[in-house]
Every structure is written in C-alpha cells, then in structure tokens.
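Now for the letters of each chain:
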Amino acid sequence: MAVCPVYSVTRREGGVARGKLMTIQAHHQGELGLSRRYRDLITACLLCGSCTQSCPNEVDTAAVVQVARAELAVKKKLGWFRRFVLRRLLPSRRFLPVLLRGARWSRALWAAKIPEDSGLYIRFSGKKKRRRIPPIAKKSFQAGDLPRAPAGEGMKVLVFVGCVSNYLRPQAAAATVQVLKSLGADVWVPGDQGCCGLPSFGMGEVEAARKLARRNLEACMPVGGPVPDAITTPCASCAAMLKKHLPQLLPDDPRARTLAEKVVPFSRLAVRLGGSAAAGESAQGPLLCYHDPCHLSRGFGEKDAPRQLLTTLPGARFVEMDHPCKCCGHGGNFNVSHYDLSTAISRQKVESVLASAADMLVTECSGCLIQLAEAMGRQRPGFKVITTPEALFLFKFDKPNLPP
Amino acid sequence: MDKSVIKELCGILGKEHVQSAPEDVALYAYDATPFAPVARPDAVVFPGSAEEVASVLQLANRVGFPVVPRGAGSGLTGGARPILGGVVVSTQRLDRILKIDSDNLQIVVQPGVVTEDLQEKVEAAGLFYPPDPQSKEFCTIGGNLAENAGGPRAVKYGVTRNYVLALQVVLPEGTLVRLGARTLKSVVGYDLLSLLVGCEGTLGIITEATLRLLPAPESRGTLLVVFDGMEAAAGAVAATFKAGVLPSAIEFMDQASIRCVEEYEPAGLPTDAAAVLVVEVDGSPPETERLAEKVKAVMEKSGARLIRTGASEEEAEALWKSRRAVGPALARIAPIKVNEDIVVPLSRLPQAVSGIHELAKKHGVKCACFGHAGDGNIHVNLLVDTGDADALRRADLAVDSIFELVIELEGSITGEHGVGTTKQRFIGMELKPEAIETMVRIKQALDPRGVLNPGKIFPSP
C-alpha cells in the first residue's frame, strides 16, 4: 500500500496488490466471472514490481496478474481492436511500418500549423482529447545503413532495437550503436528482429508473444550464425522481455536460454566497457536527472550503472530527484487501458523532476521515455527526455549531431 | 440489499462514490486479519464530507442496514470486516490535513490521512506526533483513533488517546457532534473523547480530529543490549525505570526473532543471544548522552553480555530497521502466524516471556516473542505452516493458555490490536460480566438500532 503507484492515486483497494490477489482468488473460487469490471481491475496494474520488492514473502503479484490476463486473453475477453493490435499488428513484419507511415501523414495534416521543432505534440480528437502522440520518425532506424554482422574485433555486441527506438526515437538506437562502437565494441544490428513481444505478453496474449519470441530468436541467434558476447538494447523493457520471458515462451529451444544469458542492459554493458571512466564530475553543461525504469531497477536490480555513467559525463552535471525508482505510470498497456490513472501517476514524477531543477531527464526504457516525454511536455513544452545512450552520445563523446 | 437503497446512497454521495458491483464489494470483504473468512458488504461508499457520512447513517437507521467504517484495512482483529453485510464507509477521500497550528502545537486532520504522511508534515514544521504503529506507512489516522493505536514510543509518549484534543464525530444515529476542546485541559461534561477513541468503530465515525503535537526532540540515542538469558533481558526493563531513566522506547526480541530477522535482513545481531533489547533515549544532545550512559550502567548491572551504541544516525536506523523487520521476517518463515499482543505490568515481564515460551513448547508450537517491552506489551507470534490443521489447533490451545497466564499476571489480552471479532471469545477472561454489561448498555444507548459496526467486540449473547 505504501509503495503501489496505482494505489497512491486511487486510494482504492482495487489498486493495491492485496486487492488484485483477492480479486483473482475470488475469481478462481468461482465467485467472480470474467466480467468487464474484472478486466478493469486486472488491467489496472503497472506490473512495476514495487509491491514484490517491499513484500517479505516476495509475492510476485505482477506474475499472478499476468497469468490472470492470459486467461482473459484466451477466453477472448479483449476488445477487438486491442486483439487486432496485439495479435496481428505487432507480430507483423509489414503492417506496422505501413501503418506508422500512414499515421505520419495524418499527423502532418492535423498538425500542419505546429512547427516540427516546437516540441509540441499533436492531440488526438475525440475521447482522449489530451492525448499527445510523439512524432513518428521520417525514416525508421532499421531502414538505415547499419552493420548487419560482426566485423571481427572487440567484444561482439548485438543491438536489439525495439519498436520505440526503431520508429519513434531512432536517435536512441543510433546513439546505442555509436556509443558502444566508441567504447570499442564490435556492434551489429540484425535486420529481421521485430517487436520484443512485451506488450502482447503483458496483456496475456501469450501466443502472439511466442510468435515474436521465435522471430527474434531466429534473427539474433540464427543457426550457424555469429554468437554475440552480449545482447543489449536502449530499452530496459525489451531487455527484460528477452531475458526473462523469451526463454519462458520457448522452453524447448536451448538457443533461447543462450540468448537470455547474453542480455545485458545498456548501462551495465557500457560501464563494463569503461563508459564511466572519465575525468570525474563536470562543473558545466546541462543538469541531468535520472528516472529508474521498473524493468531496470527492479527487473535487473540495476540502479548503479546508469548513475556511474551519468555522474562522469564531461559535458553534463547530475542531480538526483526524489523517489527516482517510483514507477512513471506507463506500464505498457496500462497507459492505454487506464489513461487517466496513468497520467495522474506520471504527474507525481513530473513534480519530482521539476523540483530537482534538472534541465533534462534521462531514462533507459522506451515506455518510460514515451510516458515522461508526454508528461513533461504537458507541463514544460520543449523539456527534453532522452535515453542513457543518447546522454552518453551527447555529453561524453562531443558529437552533438545525431543522425536524424 | 434493495436496489432502491443503493439508489438513495448514490443520491447522497454521487454515483461515482458508491460501488456495489460484485467485483468491487469483494475488495472490501477483508482486512489484514489472518484466517478471517471473507465477509462481503452490499456496497462500499466513499464519502467526501462529514455531512455525507451522517446522511449514510441516517439512511441506515431508517432502512436498517449495518454500516462498517474502514480506513486502510490494516487492522489485525477483523474490526473492518462487514460480517453482517451492509455498507462499508471508506474514509479514503477524507484525506486532507486541514491545519498545522505551530503556535498551539496542534494539527487538524481528516481521518483518511496516512499516519506517516502526518508525521512527515509535522516534522517538517519542527514538531512531533509520537504514536507510531508498525503499519504507519499505510494505516490511516482514523483507524489509529478507532483502535487507539500504540507503538514503540508509548513507554514515554503514550498512545493515540494521549494526543486527541477534539473530534468531530458522526454518532450511530447520524448526529454530527463535536467533542473535546482545543485546549490541553477541559473538564466540561463526560470525557466522551476517551469513549470514542478505541471504540473500534462501534460508537461513531470520526470525521475530523484535532491532535496534540510536541516539540521534536533534538536528538536520539540508540543502544543494542545483548543478553544470555531471556528473563535477565526482561528484568532489565524494570531496572531501567528504577534507575530513574525514562527511555523513549525499549524493544525486546527473543532468540527466535533475532535469528529470523538476521536471515531476512542481516544487521549483525548476535544469533546465539537469548534476547536483545533495543533502547532509545531522547532529549537535548548532552541529556541524550547522559541517559545513554545511565542505561548502559543499568544494563551492565542486569547482566548484559554486550552493549553496542548506535553512535551515528545510520547505525541507529539500522538497529531500528532490524527491529521493524521482525514481523515481516517471521511471515517469511511461517506463512501463518498467530499474532497476539499481550501486555503485563513491567515487573511481571520476566515471568511472562518465560511462561509464554513454556506454554508454546508444551503445545508443540514454534513461538517468537518481540515487541514493546518498555510498556510491557509483547507480540506473541505462534508460527504455523499453511495447511497444518493440527498445528493450528494446537496454536489455538496455546493462545488460550497464554491468555490465562497473562490475566494471572494482572495483564491485558490486547494492548494495541483491539478485540474486533478475533478476541471476542476472550473478553470475559479479562472483564467481569458487570463491566461488559455496562459497555453493552452504552452501545445500546448510542446505537439503539445496532447499525454501526455490529457484531464486534462483544460476543453475541
């Protein structure tokens, strides 16, 4: 109760772990059906793991909630649109780029009066009036000219891009590649990879997630292909998916376990490659603060590495905000199914950021990135939210021009 | 419950603050009481004002349905469970701190304020609200008032009741009254404040409280004292007071508790010790130092094996952290724990702790004791594995005999948790029939239709 971000906003028993577990238990005892309200309650969880962390028995409420969601999904209680997105759109190789291109055009029409560089986002009309959609990149990251195989020297690092870095924030993926290269790694980006599958998995769409897991496994670990020393990604959620859930989805393929073993969050890898070895704290440059993504701080237990990197940047200073580990409220699908709640939770984060007087917010997860960019944008148009690799790229290697 | 009643409730509170779907009421069918069966209400309401609470109670009297007040649902004796159905009144929307009055050392709060939030706000103003129940991170002040919550600091600072100056209360028939005064002294009429505080939600729903604050102590000192004998540790408590020291807390942990907490969150406690005391003194820095020295001398005389002083704030915090971790740590090794919070007069503490361990042994139940030894309040935890029905039965028998021992030692069967439903069958052990009869008559006088939190405290005749 003291730690649940949803409860902190709703103050209702349905938000907190105890309530979720009781609801699921009541359902299993046959007292509650798979009603709409049941779905509302089961989807109102960020899967952030805060409750598990503070629970003496380490009850994994998030896992229980996911199982409950899987049951909902199997029994086809998901809305047709979500089902379509999760089962057909995300696993599809061709659909998503086409759709996003379409969205880009429509965005251009709607937002014709808003200059591209103003930092404002478009707003959807209709029910979710205040919804701001981040701009979609002109050219996806994967459409660029990228190293598709290891070159032969240095630590062999495979970069998993993820949807946000591919379509919305190619700078993050580009910075990941650039920074790792600058740190002496032998980097490549397999072309066939797709969505990590976490949105489907989190929503209980296990089969769709399995399809994606299979595709990513074939892309990253082709039989007879090069075996990476490490697999990394600018997104902690993708990393958590590949590390924790991919081998669960493909239990019979030994390559899945090998892949999972190779997954290292970006900042941990960058520290390992010497990314925090610098001249010490900087006295100049913008003031950065850092938001701990749930999947990194609780998922990987990694809070130090990003700070080691950010406190040793020659071109920027660092300040700690209040409660940096508190969930931003994105929670993947949560942000879609409980938008108002999600926004209310992110507002608390915005207050912490503003109170820290930071000029820029750094995080290491695409979900947090989208959520916080939207939340900060609402309060402080133009406030920059970037990923750890981008921070390194901008303030460590003195190359301010990121590829578009 | 009739649909028309739900409709009327919606009329009073607004539709969004009334829930009656099966999924929603299932969420208010329990509190933190172990093994309590679920008890679903017919509806849950979230009033936004005292007047709305009053209207709900008026409706309950007119139509005839039970009303059960609820804070965060962290109670351990089933007080917030709607065992006869009806309407749960949640105080979660009444969650504002209305005023901090530094001149008069007072704070005015609504019942849904979380205790720790209150303490943090008050501390920021250089003031101090001492009652600190274990669940302070999430429990509400309304629940603290209804249960007269205590905590480690009670030895010096007393319990919740000692900080209540005035209350706004909705009485069972729906009358809104103000009790008490904004002064430290007031002897006009009966002391109804004392009746309401600790009434377990059976005599009124508190909708606003004026609480007394203290200046924050300038400094605190913490000592860890290790003993080879459990009785010696318990005896050292009374010896401390005899030496003229009033510590702000004296906490006790027996060997089972120490081992358990060391496994869960190692803090370097000696696992071979029979018992440890964590003693806290406070005051101005020289005063704290002097008191700490005095405590040290008493403890040495009482046979302490080792005394460690938490010199820095971090060390002190680490000691307190391990003390607070005992409850959670025990929950880890035994999923089910019977947690009783007995109290005995200080001089009886050694007899109590050894007697309890003997009784637990006799009934073949694992037992860990820890708690607020400074005020004689010991949490007796009987540890039982899930599914072990026989052990559960033996634990029940052990509880019976432990309570008998406590009464024999002139103690009380519950110091903090209250009676609720789980201790109903024991109250006759402590209270004479005439005393129970008097209480029942008070309840009947204030709640003639028996709508407010019925079926609690007193066993049904």
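Residues numbered from 1 in each chain as written. Chains lettered and ligands numbered in written order. Predicted model: local features only at pLDDT ≥ 70, side-chain atom pairs only at ≥ 80, totals over all residues.

**Details of the overall build of chain B**
And then number 1: A tally of helices and strands in chain B yields 16 helices and 18 strands.
And then number 2: Here the C-alpha atoms of chain B give a radius of gyration of 22 Å, agreeing with the 23 Å that 2.2 N^0.38 yields for 461 residues.
And then number 3: Summarising its shape, the C-alpha atoms of chain B cover approximately 70 × 60 × 40 Å along the three principal directions. (Helix = DSSP H or I, 4+ residues; strand = E, 2+ residues; numbered from the N terminus. Rg over C-alpha atoms; globule rule 2.2 N^0.38 Å.)

**Overview of helix α19 (residues 366–379) of chain A**
Residues and elements named next belong to chain A.
And then number 1: Between the first and last C-alpha of α19 there are 20 Å, a value that for 14 residues agrees with the 20 Å anticipated at 1.5 Å per step.
And then number 2: Across the 14 residues of α19, 11 count as buried, placing the element largely inside the fold.
And then number 3: S366, G367, C368, L369, I370, Q371, L372, A373, E374, A375 and M376 are the residues of α19 that are buried. (Expected span 1.5 Å × (residues − 1). Buried ≥ 20, exposed ≤ 12 C-beta atoms within 10 Å, placed from the backbone.)

**Quick look at the domain arrangement of chain B**
And then number 1: Each assigned domain of chain B is listed with its residue range as follows: domain 1 (3–90), domain 2 (97–215), domain 3 (219–326) and domain 4 (334–408).
And then number 2: Taken over C-alpha atoms, the centre of domain 1 of chain B sits 43 Å from the centre of domain 3 of chain B. (Domains from an automatic or database assignment.)

**With respect to the sheet that holds strand β5 (residues 97–101) of chain B**
Residues and elements named next belong to chain B.
And then number 1: Ordered by their spatial adjacency, five strands build an open sheet running β5-β6-β10-β8-β9, and the pairing between neighbours is antiparallel. Strands with a single pairing partner mark the edges of an open sheet, and in this sheet they are β5 and β9 (176–180). The average angle at which neighbouring strand axes cross in this sheet is 10°, direction not considered.
And then number 2: In this structure, β5 lies alongside strand β6 (residues 106–109), joined through four bridges in antiparallel fashion. Opposite I97, over in β6, you have V109 as the bridge partner.
And then number 3: Packed onto the sheet, helix α3 (residues 50–64) meets β8 (164–170), β9 and β10 (205–212) and runs at close to 50° relative to β8.
And then number 4: Packed on one face of the sheet, helix α4 (residues 115–124) meets β5 and β6 and runs near 35° to β5. (Pairing = 2+ DSSP bridges. Axes fitted to C-alpha atoms, helices over the stretch in contact; angles between N-to-C directions. Contact = placed C-beta atoms within 7 Å.)

**Overview of the sheet that holds strand β4 (residues 186–188) of chain A**
Residue and element names in this part refer to chain A.
And then number 1: Spatial ordering of the open sheet is given by β4-β3-β5, a layout of three strands whose pairing is parallel. Each end of this open sheet is capped by a strand with a single partner; those strands are β4 and β5 (230–232). Neighbour to neighbour, the strand axes of the sheet diverge by 25° on average, direction disregarded.
And then number 2: Where strand β3 (residues 156–159) lies against β5, three bridges are found, and the strand directions are parallel. Following the sheet pairing, V159 is matched in β5 by T232.

**Notes on the interface of chain A and chain B**
And then number 1: Listed per partner, the contact involves 18 residues of chain A and 19 residues of chain B.
And then number 2: Listed by contribution, the elements that provide at least two residues to the side of chain A that touches chain B are α2 (17–28) and α3 (36–43) of chain A.
And then number 3: Ranked by residues supplied to the side of chain A that touches chain B, first place goes to α2(A) with four residues.
And then number 4: Across the side of chain A that touches chain B, the residue classes break down as eight nonpolar, five polar and five charged. (Nonpolar A, V, L, I, M, F, W, Y, C, P; charged D, E, K, R; others polar.)

**Focus on unusual backbone geometry**
Residue and element names in this part refer to chain A.
And then number 1: The phi dihedral of L47 is positive, around 55°, even though this residue is not glycine.
And then number 2: Position of L47 relative to the elements: it lies in the loop between α3 and α4 (50–54).
And then number 3: Using a count of 21 C-beta atoms within 10 Å as the deciding quantity, one classes L47 as buried.

**Observations concerning the domain arrangement of chain A**
Residues and elements named next belong to chain A.
And then number 1: By the assigned domains, chain A splits into domain 1 (5–77), domain 2 (92–133), domain 3 (141–271) and domain 4 (276–395).
And then number 2: A straight line from the C-alpha centre of domain 1 to that of domain 4 covers 27 Å.
And then number 3: Of the residues lining the interface, 13 residues belong to domain 1; the matching set on domain 4 comes to 13 residues.
And then number 4: Of all the elements, helix α1 (residues 5–10) adds the most residues to the side of domain 1 that touches domain 4, at four residues.
And then number 5: The class makeup of the residues in the side of domain 1 that touches domain 4 is eight nonpolar, five polar and no charged.

**Considering the packing of helix α12 (residues 236–249) of chain A against helix α13 (residues 254–262) of chain A**
Residue and element names in this part refer to chain A.
And then number 1: For the pair α12 and α13, the least separation of the axes is 8 Å and the interaxial angle reads 165°. The angle between α12 and α13 places the two elements in the roughly antiparallel class. Both α12 and α13 take part in a crossing whose hand is left-handed. The segment α12 lies against α13, with L242, K243, L246 and P247 engaging A256, R257, L259 and A260.
And then number 2: Grouping the constituent residues of the contact of α12 with α13 by class yields six nonpolar, no polar and two charged. (Parallel < 35°, antiparallel > 145°, perpendicular 65-115°, else oblique. Left-handed = near helix turned anticlockwise from the far one by under 90°.)

**Some thoughts on the nonpolar core**
One broad trend across soluble globular proteins is that nonpolar side chains are buried collectively.
And then number 1: Of all hydrophobic cores here, the largest spans 174 residues; its most connected members are L242(A), L288(A), V45(B), V56(B) and V87(B).
And then number 2: If one sorts the elements of this core by residue count, α12(A) sits on top with eight residues.
And then number 3: Residue contacts for L288(A): discarding those within four places in its chain leaves L310(A), A316(A), R317(A), F318(A), A358(A), M360(A), V362(A) and A391(A).
And then number 4: Ranked by size, the runner-up nonpolar core spans 73 residues in total, among them L224(B), L277(B), V279(B) and V384(B). (Core = buried A, V, L, I, M, F, W, Y, C linked by C-beta atoms within 7 Å.)

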